[in-house]
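Chains, contacts and geometry: an overview
The lines below spell out each chain.
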Amino acid sequence: MAEFDVDLFVIGGGSGGVRAARIAANYGAKVMVAEEYRMGGTCVIRGCVPKKLFVIGSHVHQEIEDAAGFGWSIGQVSFDWATLVANKDKEIARLEGAYTSNVEKSGARIVKTRAVLEDAHTLRLATGEKVTAKYILIATGGAPNHGPHVPGIEHVISSNEAFHLKELPKRIVIQGGGYIALEFAGIFAGYGSDVTVVYRGDNILRGFDEDVRKHVRAEMEKRGITIITGCTVAKVDKHGKDFTTHLSSGSSIASDQVMFAVGRHPNVKGLGLEAAGVAINPANGGIQVDGWSKTSVDNIYAVGDVTHRTNLTPVAIREGHAFADTVFGKRPVQVDHATIPTAVFSQPEVGTVGLTEEEARAQFSHVDIYKTDFRPIKATMSGRDTRVLMKLVVDGSSDRVLGCHIVGDCAAEITQAVAIAVKMRATKADFDATVALHPTASEELVTMRTPTARHVRQAAE
Ligand code: NDP
């Protein structure tokens, strides 16, 4: 009789867990996956995918406005929020089905229940069943933070609820200046809501390149989004269907919804981590792992947002795949967490890969900046007041392109391709040797001949 019921037990049917389960099963492992909610996890069910669908739909508003300059006369248009939500739900259900059948096709078994660790090899399912496993993978993801307790916090929604609102709010206040806050600000504004973003710092998107931060803010403001910085939400009052959001600055805003997007935390509670001896990383509250995604317990691994490393779906997928290759495929693989491209699907979009100017100047003695800020061709006829930002950060000593930052239409698509060059350590000369593709916005990346700034750090005396 086998020593354990299964070779691998995966807790969590999101992107990381599903990839690990499928690859391990392909290697011949007997695999069980527990998911207490819906297969697909944050990205598919209440994150990247429904968000992108909402972004695509909300952009139509701008397309309609821009059409007039190209000769179109579009009559009365109307938008139905309920149709959008219903069609999005249909697509998400389809994807959930695809995730489920792909796991099952690989030979892994899904149990739709919560699983809790009893010890390093034993799981207790909510159904009462006990399962023993040679290896365990924790891939339970993360969840929205509620932020600091403020009176009236119970009236505040997170991105989870934003996907299922019964009606489009005419006015919404969103606290936060990161990915989710800005993406939903663009979504709601696109569908016609009056949007106010409240951010505690001096400018949104902390950690991004300073030029990007300024550019996105200016462009969002041009599109009618109000961005209030240097203050926080102190209290939320509800009267009937309306809300009053009181700010730390003393002013207040009336709205139909209040949303917080103030970060996410790893789902580590109630998993039995202590019983199994799995340590938490005190620096970030996620499960502590090494470069192989191994926890403090030899047979227990963790991938994705629950480790609170780089909280992005493709990273979780890489980590899950690398774990399965390493443990079941006898092919040790470590995930390289450097130079990961990322995009904020705000409107306009932000795409970024590599170092910001600030990071480069802290790490390199010679940094050249190539920056351009231009009116995109479409705006010449649509008449829209908008500008695109493209910026390359280059190591002045080796000529290597250290970072690329774009704000404008298709920034994410462009950045994915540029990321290959940056990852390959391409030089500015390689960019220059590439013939422009005309007329595009991204041709600017290979036609910026002269640095707009050169930073040389003086040697310490
Ligand atoms: P972010 O970390 O991006 O942003 C959180 C924001 O909330 C920051 O502006 C932060 O301010 C602010 N904040 C944090 N705590 C408080 C507080 N106590 N009071 C007021 N404001 C506060 O988190 P998100 O929730 O937007 O997204 C979570 C993560 O999910 C992202 O970091 C990203 O990894 C991932 N994600 C990726 C997406 C993509 O790839 N397109 C889309 C959505 C999410 P400050 O900067 O001052 O700390």
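The name an unreviewed UniProt entry assigns to the protein chain is Glutathione reductase, from the organism Bradyrhizobium uaiense. Its UniProt record gives the protein chain the following Function (unreviewed entry) comment, quoted word for word: "Catalyzes the reduction of glutathione disulfide (GSSG) to reduced glutathione (GSH)."

1. Brief notes about the UniProt feature "binding site: NAD(+)" (unreviewed entry) in the protein chain
Under the local residue numbering, the UniProt record ascribes the feature "binding site: NAD(+)" (unreviewed entry) to Gly176, Gly177, Gly178, Tyr179, Ile180, Ala181, Leu182, Glu183, Gly263 and Asp305. Of the annotated set, the members that line the largest cavity are Ile180 and Gly263. Along the chain, Gly176 falls in the loop between strand S8 (171-175) and helix H6 (179-191). Filtering out sequence-adjacent residues up to four positions away, Gly176 remains in contact with Ala181, Val197, Val198, Tyr199, Ala261 and Val262. Residue placement: Gly263 occurs in the loop between strand S14 (257-260) and strand S15 (264-266). Other than its neighbours up to four places away in sequence, Gly263 contacts Pro144 and Asn145.

2. As for helix H3 (residues 48-67)
When the terminal C-alpha atoms of H3 are compared, their 28 Å separation across 20 residues agrees well with the 28 Å that a helix rising 1.5 Å per residue should span. Along its buried surface, H3 packs onto helix H2 (41-46), helix H4 (81-105), helix H5 (159-162), H6 and helix H11 (377-382).

3. As for the packing of helix H1 (residues 15-26) against helix H9 (residues 313-328)
Two elements in contact, H1 and H9, have axes separated by 7 Å at closest approach and are oriented at 30°. The orientation of H1 relative to H9 falls into the category roughly parallel. In terms of crossing hand, the pair formed by H1 and H9 is right-handed. Together, Ser15, Gly16, Arg19, Ala20, Ile23 and Ala24 of H1 and Thr313, Ala316, Ile317, Gly320, His321, Phe323, Ala324, Asp325 and Phe328 of H9 make up the contact between the two elements. Of the residues contributing to the contact of H1 with H9, the split by class is eight nonpolar, five polar and two charged.

4. Looking at the site of the ligand
The full set close to the ligand counts 20 residues, and Ile180, Tyr199, Arg200, Arg206 and Ala343 are the nearest of them. Here Tyr179 contributes a backbone N or O atom positioned 3.2 Å from an oxygen atom of the ligand. At 2.7 Å, a side-chain N or O of Tyr199 approaches an oxygen atom of the ligand. For the ligand, whose free accessible area comes to 900 Å², the fraction covered by protein is 78%. When residues of the shell around the ligand are assigned to their parent elements, the largest contribution, three residues, is made by H6.

5. Considerations on the UniProt feature "binding site: FAD" (unreviewed entry) in the protein chain
UniProt's entry tags Lys52 with the feature "binding site: FAD" (unreviewed entry), counted in the numbering of this structure. Considering the arrangement of structural elements, one finds Lys52 in helix H3. Of the residues examined, Lys52 reaches a relative accessible area of 28% and is grouped as partly exposed. When neighbours within four sequence positions are excluded, Lys52 is seen to be in contact with Phe345 and Glu413.

6. Concerning the sheet that holds strand S19 (residues 366-374)
An order of S17-S18-S21-S20-S19-S22 is seen for the six strands of this open sheet, with the pairing classed as antiparallel. In this open sheet, the two strands that pair with only one neighbour each are strand S17 (342-344) and strand S22 (453-456). If you compare each strand with its neighbour and ignore which way they point, the axes differ by 15° on average. Alignment of S17 against strand S18 (residues 350-354), held across three bridges, turns out to be antiparallel.

7. Overview of the nonpolar core
Judged by nonpolar contacts, the single largest core of 38 residues is most densely connected at Ile174, Phe188 and Met259. Of all the elements in the fold, those that place two or more residues in this core are H3, H4, S8, H6, strand S9 (194-199), helix H7 (210-222) and S17. Sort the elements by how many residues they give to this core and H6 lands first, with seven residues. Apart from residues no more than four positions distant in its own chain, Phe188 is found in contact with Trp81, Ala162, Leu165, Leu168, Pro169, Ile172, Ile174, Ser193, Val195 and Met259. Core analysis: the next-biggest nonpolar cluster, separate from the first, contains 25 residues, Ala34, Ala115, Ile138 and Val297 among them.

8. Brief notes about empty space enclosed by the protein
Throughout the structure, instances matching the rule amount to one cavity of 30 Å³ or more. Along the walls of the largest cavity sit Pro144, Asn145, Ser158, Ser159, Ile180, Phe260, Ala261, Val262 and Gly263, which together make up its complete lining. Classifying every residue of the lining of the largest cavity gives five nonpolar, four polar and no charged.

9. Quick look at the environment of Gly186
Position of Gly186 among the secondary structure elements: in helix H6. Once the C-alpha coordinates of Gly186 and His59 are considered, the two residues, 127 residues apart in sequence, prove to be 8.6 Å apart. Those residues in contact with Gly186 that sit more than four places away from it in its chain are Ser58, Ile225 and Gln347.

10. Structural notes on the pattern of salt bridges
The final tally for this structure, using the stated rule, is 33 salt bridges. Close ionic contact of Glu167 with Lys241 constitutes a salt bridge, the shortest N to O distance being 3.8 Å. One end of the pair, Glu167, is in the loop between H5 and S8; the other, Lys241, is in the loop between strand S11 (233-239) and strand S12 (242-247), and 74 residues separate them in sequence. The exposure classification of Glu167 matches that of Lys241, with both residues exposed. Put simply, Asp368 and Arg454 hold a salt bridge, and the shortest N to O gap is 3.0 Å. Taken as a pair, Asp368 in strand S19 and Arg454 in strand S22 lie far apart in primary sequence, 86 residues in all. Judged by its relative accessible area of 7%, Asp368 falls in the buried class. On the basis of relative accessibility, which here comes to 57%, the residue Arg454 falls in the exposed class. Here the residues in one salt-bridge network are Asp209, Asp211, Glu357, Arg361, Lys371 and Lys391, joined through shared partners.

11. Here we look at H6
Under the 1.5 Å per step criterion, the end-to-end length of H6 is 19 Å for 13 residues, consistent within 8% with the ideal 18 Å. The element H6 is largely enclosed, with a buried count of ten among its 13 residues. Trailing H6 by a residue or two, Gly192 shows a phi angle of about 115°, which is positive.

Definitions and cut-offs
Residues numbered from 1 in each chain as written. Predicted model: local features only at pLDDT ≥ 70, side-chain atom pairs only at ≥ 80, totals over all residues. Heavy atoms only, no water. UniProt positions renumbered as here; feature names shortened; annotations may be inferred. 1 Å grid on protein atoms, 1.4 Å probe; cavity = no way out; pocket = protein on both sides within 12 Å on 5 of 7 lines; lining within 4 Å. Helix = DSSP H or I, 4+ residues; strand = E, 2+ residues; numbered from the N terminus. Contact = heavy atoms within 4.5 Å. Expected span 1.5 Å × (residues − 1). Axes fitted to C-alpha atoms, helices over the stretch in contact; angles between N-to-C directions. Parallel < 35°, antiparallel > 145°, perpendicular 65-115°, else oblique. Left-handed = near helix turned anticlockwise from the far one by under 90°. Nonpolar A, V, L, I, M, F, W, Y, C, P; charged D, E, K, R; others polar. Near = heavy atom within 4 Å. Polar contact = N/O pair within 3.5 Å; in protein donor to acceptor, adjacent residues only side chain to side chain. Areas by Shrake-Rupley, 256 points an atom, 1.4 Å probe, with all protein chains shown as cover. Buried < 20%, exposed > 50% of the residue type's maximum accessible area, 1.4 Å probe, protein only. Pairing = 2+ DSSP bridges. Core = buried A, V, L, I, M, F, W, Y, C linked by side-chain atoms within 4.5 Å. Points joined across faces, edges and corners; volume = space filled by probe spheres on them. Salt bridge = Lys/Arg side-chain N within 4 Å of Asp/Glu carboxyl O.

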